[in-house]
Structure formats: C-alpha cells, structure tokens
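# An overview of the molecular structure
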Amino acid sequence: GAGVSQSPSNKVTEKGKDVELRCDPISGHTALYWYRQSLGQGLEFLIYFQGNSAPDKSGLPSDRFSAERTGGSVSTLTIQRTQQEDSAVYLCASSGRPEQGNEQYFGPGTRLTVT
Amino acid sequence: GDSVTQMEGPVTLSEEAFLTINCTYTATGYPSLFWYVQYPGEGLQLLLKATKADDKGSNKGFEATYRKETTSFHLEKGSVQVSDSAVYFCALSVGAAGNKLTFGGGTRVLVKP
C-alpha cells in the first residue's frame, strides 16, 4: 500500500513568512510524528500524536511552531514568522498498533529553505 | 534526558570489508533500540531493532546486539557492498509502545569498489 507522503517536497520562503507542511500517514496508523533533520542539530523530535490523546509537544523549539492532526489522519505542521535557523528537512512518520510492531515509517520529507 | 552517541563519519572502506559503527546510549527508562538507514536520495528506513537486553537484531547482513551492561548497540556487517553506502542512525525509544525516537548524529558510510 501507499507509504507516508509529504508535501511539498521543497519549499523556499522568505524570512518572516508563515509556512504549512503537510503529512499524509499510512492509512490506519494511529500514531503520527514530526521530526526535523538539520545540519547543526541532527535528527530531532518535534511533536507526536497518538489517536485522540493530547499531543506530545515537548520537542517544539518555539511557540512559532504548531501542528494539528485532523480527523486522526492528515497532519499539518505550521511555522510562523520563519527564521533562517528553521531551514531543515522536516520528516513525518507514522506507526500502527503495538501488535503490528509499532515501527515508525518515514515519509520523504519536506526540505524547507528560509532566505 | 535520553541521548544516543554514535561514531562520527565519514567511514570509508572497500567492498567486502568489515564494518562496525559504535553506538552507546543513556536512557531514563528501559529503551528499545533501533538502527535506521538513509540511502542517497531516499527516506529513513528501519534497518533493525532490539527491544530487550541480549536481543540481536539482524537484517540485510547487518547485526546489532542490545548490551545493557555497556549501554551499547553497535552495528556490524561482515562484508559490505557498494550498495551499503548510506547514512546510518542509531536511535532509542523509551516508555509506552510507539513512543518518540531519540537519534544519534548519524554516521555516513562510503563503500568503494
């Protein structure tokens, strides 16, 4: 079946603009994660959604970052007033129920460049 | 907090050579351990995992053993191929099933023919 998809694949924006990044998880997966991959910080966790529970936002670097997951499926990561240090590849992953091994499947990422 | 430390790359070796990538961790609880691989131009893929002490994960000729006493999860392959050229990430997750991953910095491996 289809894997995790993300859009856009590339996004170039000017400093100070808002951006929205989209993630479509694997159908039926209950958990959805956002990570960021940057040269300076490596791979870091941002936020985690599990079913209808309150999301774990402990990895969001500032209040300019927010995410939502509508209907338990698609998720949007929003970065307001972008800064150059936000330039990175933003990765989305989803995982199924524990009895399915809860392996995280990653999407191809969105490369964000803030100029 | 939780952290993962892995050897810095790049690691350059010849085809059929033996590969070891060291990985050590600190965790607040009892972690599950993972190796992920990122081939050029592709997304992150799970390579192997181990969920309890002394477990050995294996896949595609790669192996790693969960060593609780040394808090390590070193990745090994006996005979690498050019197609193994990639970036390898060690990672852990702690707590409830499906929890977030904490990654090491990644190790780039280049295998030359």
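The structure under discussion appears in the preceding block.
Because the structure is a prediction, the values reported are computed rather than measured.

For the rest of this paragraph, the subject is the interface of chain A and chain B. Each partner contributes to the interface: chain A provides 16 residues, whereas chain B provides 13 residues. For the pair chain A and chain B, the summed buried surface comes to about 1,300 Å²; carbon and sulfur atoms form 56% of the total. Seen at the junction of chain A and chain B, the total is one salt bridge. In this structure, Lys100 of chain B and Asp56 of chain A form a salt bridge, with 3.7 Å as the shortest nitrogen-oxygen distance. Here chain A and chain B share four residue pairs in polar contact (both at pLDDT 80 or more) between them. The set of elements that each furnish at least two residues to the side of chain A that touches chain B consists of β4 (31–38) and β5 (42–50) of chain A. Its residues placed into classes, the side of chain A that touches chain B shows eight nonpolar, six polar and two charged.

Grouped together as the largest cluster of nonpolar side chains are 27 residues, with contacts concentrated most on Trp35, Phe73, Leu75 and Tyr88 of chain B. For this core, the secondary-structure elements that each account for two or more residues are β2 (11–14), β3 (19–21), β4 (23–26), β5 (31–38), β6 (44–50), β8 (62–65), β10 (86–94) and β12 (107–112) of chain B. If one sorts the elements of this core by residue count, β10 of chain B sits on top with five residues. The contact partners of Leu75 of chain B, leaving out residues within four places of it in the chain, are Leu19, Thr20, Ile21, Trp35, Leu47, Leu48, Phe62, Glu63, Ala64 and Tyr88 of chain B. Residues Val4, Cys23, Leu46 and Phe65 of chain A belong to the second largest nonpolar core, which totals 20 residues.

This paragraph deals with the state of the cysteines. Residue and element names in this part refer to chain A. Applying the stated criterion across every chain yields a total of two disulfides over all chains. Cys23 shares a disulfide with Cys92; S-S distance 1.8 Å. One disulfide, between Cys23 and Cys92, carries an S-S torsion of -65 degrees and so falls in the left-handed class. Residue Cys23 is found in strand β3 (residues 19–24), and its partner Cys92 is found in strand β8 (residues 88–95); the two are separated by 69 residues along the sequence. For the pair Cys23 and Cys92, a shared accessibility class is recorded, and that class is buried.

Procedures and definitions
- All residue numbers refer to positions counted from 1 along the written sequence of the respective chain.
- Working convention: letters from A go to chains and numbers from 1 go to ligands, in the order in which they are written.
- Local features in this predicted model are restricted to residues whose pLDDT is 70 or higher, and side-chain atom pairs enter the listing and the counts only when it is 80 or higher, whereas totals over whole chains, interfaces and linings include all residues.
- No hydrogens and no water enter the side-chain calculation; it runs on all heavy atoms of the structure.
- Contact criterion: two residues are considered in contact whenever any of their non-hydrogen atoms come within 4.5 Å of each other.
- Note on terms: buried area is the combined drop in 1.4 Å-probe accessible area of two parts once they are placed together, counting the loss on both.
- The salt bridge criterion pairs a side-chain nitrogen of Lys or Arg with a carboxyl oxygen of Asp or Glu, the two atoms within 4 Å.
- Two N or O atoms form a polar contact when they lie within 3.5 Å of each other; inside protein one atom must be a possible hydrogen donor and the other a possible acceptor, and for residues adjacent in sequence the pair counts only when both atoms belong to side chains.
- Only DSSP runs of H or I reaching four residues or more are called helices, and only runs of E reaching two or more are called strands; each is numbered from the N terminus.
- Here the term charged refers only to Asp, Glu, Lys and Arg, the term nonpolar to Ala, Val, Leu, Ile, Met, Phe, Trp, Tyr, Cys and Pro, and the term polar to all other amino acids, Gly among them.
- The nonpolar core is taken to be a set of buried Ala, Val, Leu, Ile, Met, Phe, Trp, Tyr and Cys residues, with the residues joined through side-chain atoms within 4.5 Å.
- Exposure classes here rest on a 1.4 Å probe applied to the protein chains alone. A residue is buried below 20% of its type maximum, exposed above 50%, and partly exposed in between.
- Any two cysteine sulfur atoms within 2.5 Å of one another count as a disulfide.

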